[in-house]
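Listed here are the chains, written in short residue letters.
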Amino acid sequence: MGFNFEFRQIEDYRDVSRIIDFISSKPLNYPNYNMWVEKTEQELLQGQKQSIIALFDNHLAGDVIYQPHKQIPGFLEIKNVRVSEEVRRRDFGHFMLKQIEVEARNSGNYSALIVDARVSQRDIINLLTFSGFSPVTSISLYDSNEEDIIMIKSLTKENSGLIQLTKSFFD
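Quick summary incoming for the structure in this document. (Residues numbered from 1 in each chain as written. Predicted model: local features only at pLDDT ≥ 70, side-chain atom pairs only at ≥ 80, totals over all residues. Heavy atoms only, no water.)

**So, the pairing of strand S2 (residues 50–56)**
Quick note on the threshold: Note on exposure labels: buried denotes an accessible area under 20% of the residue type's maximum, exposed denotes more than 50%, and partly exposed covers the range between, all computed with a 1.4 Å probe on protein chains only. Numbering of helices and strands starts at the N terminus; helices are DSSP runs of H or I of at least 4 residues and strands are runs of E of at least 2. Strand pairing is assigned whenever DSSP identifies at least 2 bridges connecting the two strands.
Summarising burial for S2: 6 of the 7 residues are buried, a large majority. Here strand S1 (residues 5–9) runs beside S2; their pairing, made up of 5 bridges, is antiparallel. Opposite Phe5, over in S2, you have Phe56 as the bridge partner. Pairing between S2 and strand S3 (residues 59–68): 7 bridges, direction antiparallel. Bridged to Ile53 within S3 is Asp63. Here S2 folds back onto S3, and the loop between the two strands holds 2 residues, one of which, Asp57, carries a positive phi near 50 degrees.

This is how it looks when you write it as structure tokens:
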């Protein structure tokens, strides 16, 4: 029994193209998802968004896309977390989230990670909770009838007030 796993930052257009194909395969019923994917491709190519990818036997098996939050200074926003069915339950998602946390801490530019997920996506909410994220509020973010849960993870010891700050942003 053999295995070949690799986790790394995206390196070139080929990596971006692989991510776009990967995330396009399951839109999860988000409104305007295809437009978001097109915009994400451009932002990845321009360096506005970053991504960690997981490869399994040289095939893309997972990704986490992230960027500095556009409205909350000091927050790094996780935009997409996805792991293929064939490697789920092997901690791919957890490892990539942990790596983003390490990079954000080492940069010294961020006080928290922020992410949202559909309330109906129990698996991702469980992964985020396991990874140390705390729920802040629930709100419909994407012009749909579905609720999204906002979660944060503090990167500093002085985390008092981060949840309240985040919650007030969405009120």
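**As for the environment of Glu41**
Formally: In this description, contact between two residues means that some pair of their heavy atoms is separated by no more than 4.5 Å.
Within the secondary structure layout, Glu41 lies in helix H2 (residues 33–46). Sequence separation between Glu41 and Tyr13 is 28 residues; the distance between their C-alpha atoms is 9.4 Å. Setting aside its immediate chain neighbours within four residues, Glu41 contacts Tyr13, Val16 and Ile20.

**Looking at the nonpolar core**
A general feature of soluble globular proteins is that nonpolar side chains tend to end up buried together. Here is the rule: Put simply, a nonpolar core is a bunch of buried Ala, Val, Leu, Ile, Met, Phe, Trp, Tyr and Cys residues held in one set by side-chain atoms that sit within 4.5 Å of each other.
Grouped together as the largest cluster of nonpolar side chains are 26 residues, with contacts concentrated most on Ile78 and Leu128. Elements represented by at least two residues in this core include exactly S2, S3, strand S4 (75–83), helix H3 (92–107), strand S5 (112–118), helix H4 (122–130) and strand S7 (148–154). In terms of residues, this core owes the most to one element, H3, which gives 5 residues. Among residues more than four places away in sequence, those in contact with Ile78 are Val64, Ile65, Tyr66, Leu97, Ile114, Val115 and Phe133. Membership of the second largest hydrophobic core comes to 14 residues, among which are Ile10, Leu44, Ile53 and Leu55.

These results come straight from atomic positions and should not be treated as a statement about function.
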